[in-house]
Amino acid sequence: MTTPKPPLHAVVLPIPLQGHVIPAVHLAIKLASRGFTITFVNTQIIHHQITKSLPSQNDAVDIFAGAREAGLDIRYKTVSDGFPLSFDRMLHHDRYLAEGHLRVLPVHVDELVRDLVDSADPPVTCLIADTFFGWQSSIAEKYDLVHVSFWTEAALVFSFYYHLDLLRKNGHYGASHDNRVDTIDYMPGVKAIEPNDIVSYFRETDVSTAFHHVIKQASQDVKRADFILCNTVHELEPEPISAVQEKQPMYAIGPLFPSGFTNTLVPTSLRPESGCTQWLNTKPLGSVLYVSFGSFMTCGKNEIDEIAHGLLLSNVNFIWVLRSDAVSHEEPYALPIGFQDEVKDRGLIVTWTNQIEVISHPALGGFLTHCGWNSVLESLWYGVPMLCFPLETDQLTNRKLLVDDWRIAVNLCDRKPLTRLEVAEKINRLMSGKSVDDELRKETLMKVRQMVENALAQDGSSEKNLCQFISDVKAKISERVP
Ligand SMILES: O=c1ccn([C@@H]2O[C@H](COP(=O)(O)OP(=O)(O)O[C@H]3O[C@H](CO)[C@@H](O)[C@H](O)[C@H]3O)[C@@H](O)[C@H]2O)c(=O)[nH]1
């Protein structure tokens, strides 16, 4: 008689940013629902921000307690990045990256994994770490763990990181003077693309910073992973996925959402949420525009002012997630004088909310978004039309996918500088446009929405890919265990 095999035990390690912690938590829940034991690791600052945002404000809260009550074996650990909780990691980002992300964190993660390997029951078998931790392979190899690199952005964006050497060779990354501005037509699995549409960081000329060290290290380290998980849908991006698959096993398993979609088992917000549902309940179907630019990126003050004035001119109902650090991590942003009075009943301004609750509400009619990948996936899932105002990084590429390739969204970045008239005109077009183009775009959005929904169905691609991934992990472990 064969003895039953112990459950797979994975250590899940997200990078300490809102847009990475959320999908990592959903991945952990998904794997635990399929029998994995998970040890989820947050940095202490992320743990502190989450617990401080809860009504109890109790640092001792185990954010996975609810998941365990629901029967999932998810354990929770925190790890120090070397800085005190009071250190402002956004304001001193380069220092944080150089000392915390690149130097201290790997040592602490190594110690934590060593302790788990020594004592955990069931034994730890896998390390699933965000691709941006470019030191993960050495820890996985040291403790003989199956190494899974987790990519939280589009597969197309992954291609650029994966083939950074090609961008460099062709002068589109890290050129000593100005980077080349001609079309990029040599990337495996990527149709010709303009340099303005690739990750904005690759256009920077000084690539000697800590930040670029992180990028370069990650692009190399991921090549040593046994498996790559990507929070996308195969049918949306077949070519870049297939091109990577020629080199390494990659699985499109997105969109990663909480089960039940509106209510997460696990608190993940790094800021206290303001409820918007009661306000939304008073508004007509499809009449509200949601405006949000994600969790940490900043935007020029003039642009935010123009967006405020554009909202005034547009006359639509709106919810605006306006973080105090919307324009700078040093000084809080102040709205134009009189703005709040003028919008009174039709505009609700909050510093943070439960985005899924807002965009799933029937009163919602559109989303003015910075095109962060999580926002894109959430919007696709609920079939919410998008107006794209990308700020930085992958958001530029996501805009291209949405507007140029899939033809389901509208640009708010065609002309520089941004004007209030353009903002108002584009908002009105998004919310009530009736031209043939507008109708076609909505129809196409519904097709894409259906494609995304199908991917998560029982016989859908993401579901099948997840099953295949689990079976491949098991096979890999069997190869290793004598
Ligand atoms: O008031 C809010 C605003 C946002 N969210 C959630 O926060 C997440 C934000 O993620 P995302 O839309 O991807 O934006 P960023 O926070 O900017 O995410 C970073 O990480 C993403 C992927 O990992 C990248 O695509 C982005 O460019 C990068 O800025 C989403 O799940 C939102 O639902 C809330 O719950 N409440």
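Residues numbered from 1 in each chain as written. Predicted model: local features only at pLDDT ≥ 70, side-chain atom pairs only at ≥ 80, totals over all residues. Heavy atoms only, no water.

**Some words on the site of the ligand**
Around the ligand, the surrounding shell holds 25 residues, and the nearest of these are Ser295, Thr353, Ser375, Glu378 and Asp394. Here Gly19 contributes a backbone N or O atom positioned 3.1 Å from an oxygen atom of the ligand. Within the side chain of Gln395, a nitrogen or oxygen atom sits 2.8 Å from an oxygen atom of the ligand. Breaking the shell around the ligand down by element, the ones donating at least two residues are α1 (18–33), β8 (288–292) and α14 (373–381). Residues belonging to the shell around the ligand are distributed by class as follows: 7 nonpolar, 15 polar and 3 charged. (Near = heavy atom within 4 Å. Polar contact = N/O pair within 3.5 Å; in protein donor to acceptor, adjacent residues only side chain to side chain. Helix = DSSP H or I, 4+ residues; strand = E, 2+ residues; numbered from the N terminus. Nonpolar A, V, L, I, M, F, W, Y, C, P; charged D, E, K, R; others polar.)

**Quick word on the packing of aromatic side chains**
Evaluated as defined, the whole model comprises 21 aromatic pairs. Aromatic pair Tyr173 and Phe202: ring centres 5.6 Å apart, planes at 80°, arrangement edge-to-face. Residue Tyr173 is located in the loop between α7 (164–169) and α8 (210–221), and its partner Phe202 is located in the loop between α7 and α8; the two are separated by 29 residues in the primary sequence. Of the two residues examined, Tyr173 and Phe202, each falls in the buried class. Members of the aromatic cluster, connected to one another through ring pairs, are Phe132, Trp151, Phe158, Tyr161, Tyr162, Tyr173 and Phe202. (Phe/Tyr/Trp six-rings, centres within 6.5 Å; stacked < 30°, edge-to-face > 60°. Buried < 20%, exposed > 50% of the residue type's maximum accessible area, 1.4 Å probe, protein only.)

**Some thoughts on the sheet that holds strand β5 (residues 146–151)**
Sheet strands pair by backbone hydrogen bonding; their relative direction is either parallel or antiparallel. In space, the 7 strands of this open sheet follow the order β3-β2-β1-β4-β5-β6-β7, with parallel pairing throughout. Each having just a single partner strand, β3 (74–79) and β7 (250–252) make up the two edges of the open sheet. Direction aside, the axes of adjacent strands within the sheet are offset by 20° on average. Relative to β3, strand β2 (residues 37–43) runs parallel, the two being bridged by 6 bridges. Bridge pairing in β3 links Thr39 to Arg75. Its contacts with the sheet put α1 on β1 (9–13), β2, β3, β4 (126–130), β5 and β6 (227–230), and the angle it makes with β2 is roughly 165°. Contacts between helix α6 (residues 155–162) and the sheet are confined to β5, β6 and β7, with β5 contributing the most and set at about 115° to the helix. (Pairing = 2+ DSSP bridges. Axes fitted to C-alpha atoms, helices over the stretch in contact; angles between N-to-C directions. Contact = heavy atoms within 4.5 Å.)

Note that every value here comes from positions in space, so none of it alone points to a role or purpose.
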